[in-house]
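Coordinates in review
Below, each chain spelled out in residue letters.
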Amino acid sequence: MTRVLSASWLPPLSINCTAIWTSECCKNCVINMDSVVKAKRARVAMTPAAAPDSCYAWFVLLSCFMVFGLTFGVIKAFGVFYVEIHQYFETTATGTSWITSIAVATIHVVAPVASALSARCSHRSVVIMGGLICSLGVVIGAFARNLIELYLTVGFLNGFGYALTWTPTVTMLGLYFERRRPVANALASAGECIFTFILTPMFQLLIDSYSWRGAMMILGGLQLNLCVCGMLLRPLKATRDVIHLSEVKAEEKGLSLELLAKEDLGQDKPSYLGSEVLRRSDRSDHETISACCEDGEIPNLTMTVQDSNSRVKRAELRTRIRHYVDYTLITNARFMVYSMFGVFAALGFFAPALFLVPYARSKGIEEYQAAALMSISAVLDLFGRVFFGWVANLRLVEMVQQLTATVILLGTVLLLCPLASSFLELAAFSAAYGLVYGATVAIHITVLAEVVGVHRLGSALGFFMLIRSSGGLLGPPIAGFFIDKMSDYGTGFLMAGVALIVSALFLLLLHQMNRRGQGSTTKSRNMHTDKLEQSS
């Protein structure tokens, strides 16, 4: 004998069942609720993108342009400070190079934290906070009494602020651009070149006028402009993340039901039933069982509801964590191969810019002529980023193939650096290095977006920077070790060139993995087509 449920807690039903529940009716309810979830997923999946290639996207590009200049542009121009600090504290090349290494490594290590904070708070607030931190770090570093204090301020604290500004800004740029994303990334990264061109002679002038301590204080004030860059990052309109819901496994369907029912409460009455039953199951299991059947027709209903609730909680926790940090990326073989490329590439990316000015000074080049070498490199770097970013946008070749070619060329150019000794030879090297370096960095973020998809770019960029941090941390000190042992700055360029050529091997492996993936996809499509033709 069944009991009529009280209308005080039973929500309106759109499914075809009476107020008297039987075990068969409960089964029908579950089936209908599952169809509601599927229908809702299909509706949400058709939601258009928020604002790709809109007019305001160019203001986000301007912000990213400034961020590149005030972070990595400053790092590349720091070679001028390197010479003065090296002489002031009378230390080794390895000891002085740790300042830049710690800053670069901190940028990479803190990148996942910046991605998570951006998802939790907002990209705008994180960038503003980062601008304040790095400015404070440089100003405090101007009063450093030893290298340890410089490591903590200009190294760690400054790098921490750089990570909080650079990572969210690059992520926002990828969200605002879709069709013109390669060109947008190239133009934004050009800020590094232009600021290097301007800051290198300006730093030398400030050092001559106010010493390196006064120049650092001025640099700290200049970096407050990063807060202005953060204000330009207008948040996109909130859109539902359907990717995570579509990836929830079959046994976790209760989570989708819970989330979807909460979202449409008051809009779609049919979906209200499932969420209400799950929400009240903990305190009404016995009432539900007795209401459905007093004689024990469904004795396992309580256990089933409890198992469903535990699966809901576990799945909801995993989904929330993945919203901030997508830890499943470490199981992506293509992403891990590309990250290994990043580790070895970072070994060679930052050492040449740090040691170019000291190398020129060791060859007897005057101070301003040595600083001019970085300006020459910056001009060709700018041209390389814009031109090869435009070439990448034409899709003439695969992006990975283009990146592989430029990385091999960059390594070869660095291996030839020790042959240059006069100013003209060093100027030619600087031009070639800047051109190929610009061609490389113009597309490496775009390749990352192709590897993981733009919807996972925020977490992927954070993890990529974290994995690459070991290369950024060890690159300059390893080069400094060889310089101290050989008493020749040219050996640092040899180390960087070898590391870049090794990194190109991982790009070749990634290209082969892409080809195999495309081949298997084509084969499965052909098999599906053949089955359709046979059935017709």
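Here's what I pulled together on the structure shown here. A quick note: this is a predicted structure, and the numbers were derived from the prediction, not measured. (Residues numbered from 1 in each chain as written. Predicted model: local features only at pLDDT ≥ 70, side-chain atom pairs only at ≥ 80, totals over all residues. Heavy atoms only, no water.)

We now examine the overall build of the protein. Each helix and strand counted, the protein has 21 helices and 0 strands in total. Expressed as a percentage of the 536 residues in the protein, the buried residues total 52%. Of the contacts formed within the protein by residues at least 6 apart in sequence, a portion of 83% connects residues at least 24 apart. Working note: accessible area of the protein is about 24000 Å², and carbon and sulfur atoms make up 65% of it. (Helix = DSSP H or I, 4+ residues; strand = E, 2+ residues; numbered from the N terminus. Buried < 20%, exposed > 50% of the residue type's maximum accessible area, 1.4 Å probe, protein only. Contact = heavy atoms within 4.5 Å. Areas by Shrake-Rupley, 256 points an atom, 1.4 Å probe, with all protein chains shown as cover.)

Attention now goes to the pattern of salt bridges. A pair can form between side chains of opposite charge whenever their charged atoms are brought close. Enumeration over the complete set of coordinates arrives at 7 salt bridges. Arg385 is paired through a salt bridge with Glu192; the nearest N and O atoms lie 3.1 Å apart. Of this pair, Arg385 sits in helix H16 (residues 367-394) while Glu192 sits in helix H7 (residues 181-222), placing them 193 residues apart in sequence. Take Arg385 and Glu192: they sit in the same class, and that class is buried. The shortest N-O distance in the salt bridge between Arg395 and Glu450 comes to 2.7 Å. Highlighted residues: Arg395 in the loop between H16 and helix H17 (399-415) and Glu450 in helix H19 (residues 444-452), separated in sequence by 55 residues. (Salt bridge = Lys/Arg side-chain N within 4 Å of Asp/Glu carboxyl O.)

Position of Leu473 among the secondary structure elements: in helix H20 (residues 457-486). Each C-alpha atom, one on Leu473 and one on Val104, is 6.4 Å from the other, the two residues being 369 residues apart in sequence. Excluding residues within four positions of it along the chain, Leu473 makes contact with Trp98, Ser101, Ile102 and Ala105.

Another point: the side chain of Thr446. Looking at the secondary structure, you find Thr446 in helix H19. Polar contacts involving the side chain of Thr446 include one to the side chain of Asn185, which spans 3.0 Å. (Polar contact = N/O pair within 3.5 Å; in protein donor to acceptor, adjacent residues only side chain to side chain.)

Our focus in this paragraph is the nonpolar core. Formed by 120 residues in total, the largest nonpolar core has its most connected members in Ile85, Leu150 and Met216. Here Met216 is in contact with Phe78, Phe81, Ile85, Val138, Gly141, Ala142, Leu150 and Val154, once residues within four sequence places are set aside. Val110, Ala114, Val126 and Leu164 belong to the second largest nonpolar core, which has 6 residues in total. (Core = buried A, V, L, I, M, F, W, Y, C linked by side-chain atoms within 4.5 Å.)

Let us look at the environment of Leu233. Along the chain, the position of Leu233 falls in the loop between helix H8 (225-231) and helix H9 (242-247). The sequence separation of Leu233 and Met172 amounts to 61 residues, and the corresponding C-alpha distance is 7.5 Å. If sequence neighbours within four positions are ignored, Leu233 has contacts with Val60, Ser63, His123, Arg124, Val127, Thr169 and Met172.

A full pass over the atoms with the stated rule returns 27 aromatic pairs. Residues Phe387 and Trp390 carry aromatic rings whose centres are separated by 6.1 Å and whose planes lie at 45 degrees to one another, so their mutual orientation is tilted. Of this pair, Phe387 and Trp390 are both found in helix H16, 3 residues apart, which corresponds to roughly one turn of the helix. The class for Trp390 is partly exposed, based on a relative accessible area of 46%. Here the aromatic rings of Phe429 and Tyr433 are separated by 5.9 Å at their centres, their planes lie at 15 degrees, and the arrangement is stacked. (Phe/Tyr/Trp six-rings, centres within 6.5 Å; stacked < 30°, edge-to-face > 60°.)

This part is about a nonpolar patch on the surface. The grouping of Phe383, Phe387, Trp390, Leu394, Leu396 and Val397 at the surface amounts to a nonpolar patch, some 620 Å² of accessible area in total. Among the secondary structure elements, Leu396 is positioned in the loop between H16 and H17. Take Leu396: its relative accessible area is 64%, and that puts it in the exposed class. (Patch = residues over 30% accessible without salt bridge, like charges linked within 9 Å, V, L, I, M, F, W, Y side chains within 5 Å.)

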